[in-house]
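Spelled out from the first residue to the last, the chains are:
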Amino acid sequence: MDQPSPAQSFTLHVPDTLSTPVILSIPHAGRHYPPAMAPLLRLPMARLAALEDRHVDSLASRAIAAGVPALIATAPRAWIDLNRHEDEVDPAMVTPPPVSGRTQSAKVRGGLGLVPRRLAGSGDIWRGCLPAAALAERIAQVHRPYHAALAALIAAARARFGVAVLLDLHSMPPIPDKGWGIAPRIVLGDRFGRSASSRFVMRLAAEAQASGLPVTENVPYSGGYILERHASPARNIHAIQLEIDRSLYLENDLRTLKPSAQAAMARMVAAMAAALADEALAGPQPLAAE
């Protein structure tokens with residue numbers, strides 16, 4: 001297959017003066033679908049929106065305006081998933097197939113690897129296999145630059161404040177009430193305590209509850225590769241995944257922004273970023289240099 005590439009794979013927002021140790025990452029908001037992508041698809045391009053965290057980037061607007069650095073993907077998740085390891089490649093869709101222990105993960109087997117293979121209810125996304133060289137080009141052009149930029153933001157925050165807190169922002173389909181009692185509208189993931197100190201998760205939970213939203217931790221989303229790669233609580237680098245129910249800011253079609261609801265959720269995200277900064281800077285800070 002040919003190898004079209006999005007003209008711009010992410011947008012970087014960095015204030016002139018760094019005033020907070022918090023960083024926002026938004027890896028699944030990308031919706032720049034280049035026309036050259038269409039011939040490679042078995043499905044209509046419009047179907048790929050099902051893979052997006054639809055318009056979740058709009059919820060970062062107030063936090064960015066308040067000076068929070070942010071990295072927002074513009075390349076679509078269908079092209080390459082920034083929240084997957086480079087080795088999480090479905091061997092059924094790449095030729096020659098890769099050899100990696102990560103190829104047998106549940107997500108990869110379900111068709112949601114580094115390059116998604118299938119859509120639930122729609123079947124295979126692509127017309128044919130992806131040459132390994134084309135996959136390597138996507139990794140080099142999109143995946144590695146995104147993670148390098150995120151690592152640089154985290155390093156700058158830690159150098160300035162002695163601590164960095166990454167908030168990895170996502171959206172999720174509404175969770176059915178069945179089995180939950182009251183279904184969560186916010187899910188906080190810290191890889192079951194491995195990616196962040198519990199005090200940061202507690203502050204985020206308090207902000208969600210102050211907005212009247214049921215919140216749960218790590219179930220059904222505990223955090224993915226971004227947290228795995230960038231978090232290091234022992235070095236005072238904490239990372240938390242924030243999942244927001246799409247029905248909280250989208251119309252019933254779960255595709256179109258609902259302006260008043262979007263504004264409310266943007267205020268909550270900004271309040272969460274401020275709470276994380278307050279928590280990070282409240283105590284004595286270690287030396288930033290190693």
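See above for the structure.
Quantities reported herein were computed from a predicted structural model and do not represent experimental measurements. (Residues numbered from 1 in each chain as written. Predicted model: local features only at pLDDT ≥ 70, side-chain atom pairs only at ≥ 80, totals over all residues. Heavy atoms only, no water.)

A. Structural view of the overall build of the protein chain. Looking only at helices and strands, the protein chain features 6 helices and 11 strands. Since a compact globule built from 290 residues should have a radius of gyration of about 19 Å, the 19 Å found for the protein chain is in line with a globular shape. Taken along its principal axes, the extent of the C-alpha atoms in the protein chain is 55 × 45 × 35 Å. Taken across its 290 residues, the protein chain has 53% of its residues classed as buried. (Helix = DSSP H or I, 4+ residues; strand = E, 2+ residues; numbered from the N terminus. Rg over C-alpha atoms; globule rule 2.2 N^0.38 Å. Buried < 20%, exposed > 50% of the residue type's maximum accessible area, 1.4 Å probe, protein only.)

B. Up close: the layout of surface pockets. Taken as a whole, the largest pocket spans an internal volume of roughly 630 Å³. Lining of the largest pocket is provided by 28 residues; of these, Arg 77, Arg 84, Leu 112, Tyr 221 and Arg 246 occupy positions nearest its centre. Going through the elements one at a time, strand S5 (118-119), strand S8 (164-172) and strand S11 (237-245) are the ones with two or more residues in the lining of the largest pocket. Considering every element that reaches the lining of the largest pocket, the biggest residue donor is S8, with 3 residues. Broken down by element, the lining of the second largest pocket gets its largest block of residues, 5 residues, from helix H3 (residues 132-161). (1 Å grid on protein atoms, 1.4 Å probe; cavity = no way out; pocket = protein on both sides within 12 Å on 5 of 7 lines; lining within 4 Å. Points joined across faces, edges and corners; volume = space filled by probe spheres on them.)

C. Inspection of unusual backbone geometry at higher detail. Along the chain, Thr 95 connects to Pro 96 via a cis peptide bond; the corresponding omega equals -10 degrees. Looking at the secondary structure, you find Pro 96 in the loop between strand S4 (94-95) and helix H2 (106-109). With an omega of 5 degrees, the peptide bond running from Val 219 to Pro 220 counts as cis. Locating Pro 220 in the fold gives a position in the loop between strand S10 (215-217) and helix H5 (225-230). Unusually for a residue other than glycine, Phe 192 sits at a positive phi of about 55 degrees. With respect to the secondary-structure elements, Phe 192 resides in the loop between strand S9 (186-189) and helix H4 (198-210). Phe 192 sits in the exposed class, given a relative accessible area of 54%. In this model, Leu 254 sits at a positive phi of 55 degrees, which is unusual for a non-glycine residue.

D. Representation of the sheet that holds S10 within the structure. Ordered in space as S1-S3-S2-S8-S11-S9-S10, the 7 strands form an open sheet in which the pairing is mixed. At either end of the open sheet lies a strand with only one pairing partner, and these are strand S1 (10-13) and S10. Mean inter-strand twist for the sheet, computed between neighbouring axes without regard to direction, equals 20 degrees. Of the pairings in the sheet, the one linking S8 to S11 comprises 9 bridges and is parallel in character. In the sheet register, Ala 164 faces S11, and the bridge partner there is Ile 237. Its contacts with the sheet place helix H6 (residues 259-282) against strand S2 (22-26), S8, S9 and S11, and it is angled at close to 160 degrees to S11. (Pairing = 2+ DSSP bridges. Axes fitted to C-alpha atoms, helices over the stretch in contact; angles between N-to-C directions. Contact = heavy atoms within 4.5 Å.)

E. Main features of the side chain of His 170. Topologically, His 170 is positioned in strand S8. Within the structure, His 170 has its side chain in polar contact with the side chain of Asp 168 (distance 2.7 Å). Excluding its chain neighbours within four sequence positions, the residues that come into contact with His 170 are Pro 27, His 28, Asp 53, Val 56, Asn 83, Gln 241, Leu 242, Glu 243 and Ile 244. (Polar contact = N/O pair within 3.5 Å; in protein donor to acceptor, adjacent residues only side chain to side chain.)

F. Structural detail: the packing of H4 against H6. The interhelical angle for the contact between H4 and H6, taken along N-to-C directions, is 150 degrees, at an axis separation of 9 Å. In this structure, the crossing between H4 and H6 has a hand that is right-handed. Judged by residue contacts, Arg 199, Phe 200, Arg 203, Leu 204, Glu 207 and Ala 208 of H4 engage Met 268, Ala 271, Met 272, Ala 275, Leu 276, Asp 278, Glu 279 and Ala 280 from H6. Of the residues belonging to the contact of H4 with H6, the class tally is 9 nonpolar, no polar and 5 charged. (Left-handed = near helix turned anticlockwise from the far one by under 90°. Nonpolar A, V, L, I, M, F, W, Y, C, P; charged D, E, K, R; others polar.)

G. Highlighting H4. The terminal C-alpha atoms of H4, which comprises 13 residues, lie 18 Å apart, in line with the 18 Å expected from a rise of 1.5 Å per residue. Residues Phe 200, Val 201, Leu 204, Ala 205 and Ala 208 constitute the buried set of H4. Buried residues in H4, looked at end-on, bunch into an arc of 135 degrees, giving them a common side. For H4, exposure combined with an orientation more than 90 degrees from the buried face picks out Met 202, Gln 209 and Ala 210. The elements touched by buried residues of H4 are S8, S9, S10, S11 and H6. Gly 212 lies just past H4 and shows a positive phi near 75 degrees. (Expected span 1.5 Å × (residues − 1). Arc of directions from axis to C-beta.)

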